[in-house]
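# Structural features, examined
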Amino acid sequence: MNPEHIAQNLGLILARIEAARKSALKPAPATRLVAVSKTHDTAHIRPALEAGHRLFGESRVQEAQAKWAPLKREYPDIELHLIGPLQTNKAREAVALFDAIHSVDRPKLAQILKTECERAGRWPELFIQINTGEEPQKAGVAPKEAAAFIAEVRALGLNLRGLMCIPPAAEPPAPHFALLAKLADEAGLAYRSMGMSDDFETAIRYGATHVRVGTAIFGERDYPQA
Ligand SMILES: *Cc1c(COP(=O)(O)O)cnc(C)c1O
């Protein structure tokens, strides 16, 4: 992607978010754009920063550290969200770097996050990832196990704020967004992280509070990354 087009794409996506919110029957009180910059280098991130955007999503802890530590010194109000899977041995770095983690999906990870949050005195906002399509290869808690896991994370005293899902690629996403919204409602959780480049407008109709958009802003990624 030509860096000149990135600020333009960003403006377009923000406008589409506003339009989708206006036409939705029950949009969330606010919908934030997490600009997913994984695999893209600083030269491609800068135009978005210069356009005033501050909320970014990354999939890998080490890549994010390398790219964002210098940028955060320049732009102290950057907000970084981890949207990819988190290994327990990266929990300490993740708690230090990220303002939110969208991929909490197992008791062991929750326990280690608790230890690391206490140690750092930093409590990132947490989302539990729900495997709404019950795909065996995909991360996330099965819908029927969501309530028990939510209770477990709450009991640890973590800063649990919402749920996240990635619908199966080959299915219409709407039923998955509806299910995520229902589970969040039932649990009294305010945040719903759902919707990507191809389906964020649909997600907004189902109450998305955070849409995670990469390709539509930064272009195709040169190498695949979860
Ligand atoms: C890469 C990624 C995105 C962004 O996907 P695009 O289709 O490029 O918008 C959103 N969410 C997660 C969890 C991702 O890994």
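Everything that follows concerns the structure shown earlier in this document.
Below you will find a few notes about this structure. (Residues numbered from 1 in each chain as written. Predicted model: local features only at pLDDT ≥ 70, side-chain atom pairs only at ≥ 80, totals over all residues. Heavy atoms only, no water.)

### Some points on helix α1 (residues 3-23)
Every α-helix carries 3.6 residues per turn, so stepping three or four residues along brings you back to the same face. Heads up, the rule is: Strands are runs of DSSP state E lasting at least two residues, helices are runs of H or I lasting at least four, and both sets are numbered from the N terminus onward. To estimate the expected span of a helix, subtract one from its residue number and multiply by 1.5 Å. Each residue gets one of three labels from its accessible area relative to the maximum for its type: buried under 20%, exposed over 50%, partly exposed in between, using a 1.4 Å probe on protein chains only. Working note: the arc is built from the helix axis to C-beta atom directions.
In a regular helix each residue adds 1.5 Å, so 21 residues correspond to 30 Å; α1 covers 31 Å between its end C-alpha atoms and thus fits that length. Of the positions making up α1, those classed as buried are Ile6, Asn9, Leu10, Ile13, Ile17, Ala20 and Arg21. The buried residues of α1 occupy an angular sector of 110° when projected down its axis, which confines them to one face. Seen from the buried face of α1, the exposed residues on the opposite side, beyond 90 degrees, are Glu4, Gln8, Leu12, Lys22 and Ser23.

### Focus on the site of the ligand
Just so we agree on the cut-off: Near is defined per residue: the residue qualifies when any heavy atom it owns lies within 4 Å of the molecule or strand. Within 3.5 Å is the distance limit for a polar contact, defined as a pair of N or O atoms, with the added protein rule that one can donate a hydrogen and the other accept it, and that residues adjacent in sequence qualify only through two side-chain atoms. Residue exposure ignores everything except the shown protein chains as possible cover, and the areas themselves are Shrake-Rupley values with a 1.4 Å probe. Residue type decides the class: Asp, Glu, Lys and Arg count as charged, Ala, Val, Leu, Ile, Met, Phe, Trp, Tyr, Cys and Pro as nonpolar, and the leftover types, Gly among them, as polar.
Lining the immediate environment of the ligand, one finds 13 residues, of which Lys38, Ser197, Gly214, Thr215 and Arg221 sit closest. In the environment of the ligand, an oxygen atom lies 2.7 Å from a nitrogen or oxygen atom belonging to the side chain of Lys38. Arg221 places a side-chain nitrogen or oxygen 2.8 Å from an oxygen atom of the ligand. Taken by itself the ligand offers 390 Å² of open surface, and the protein chains cover 92% of this. Along the lines of polarity and charge, the residues of the shell around the ligand split into six nonpolar, four polar and three charged.

### Some thoughts on helix α2 (residues 42-50)
Here is the rule: What makes two residues a contact is simply this: any of their non-hydrogen atoms within 4.5 Å.
Residues of α2 that are buried: His44, Ile45, Pro47, Ala48 and Leu49. Buried-residue contacts for α2 involve α1, β2 (55-58), α3 (61-74) and α9 (215-218). Positive backbone phi, approximately 100°, marks Gly52, located one or two places after α2.

### Structural notes on the packing of aromatic side chains
Keep this limit in mind: Paired rings are identified among Phe, Tyr and Trp, the last through its six-membered ring, by centres lying within 6.5 Å, and are further divided according to the angle between planes into stacked (under 30 degrees), edge-to-face (over 60) and tilted (the rest).
Under the counting rule described, the total for this entry stands at two aromatic pairs. Ring centres 4.7 Å apart and planes at 40° place the aromatic pair Phe56 and Trp68 in the tilted group. Here the residue Phe56 occupies a position in strand β2, and Trp68 occupies one in helix α3, the gap between them amounting to twelve residues.

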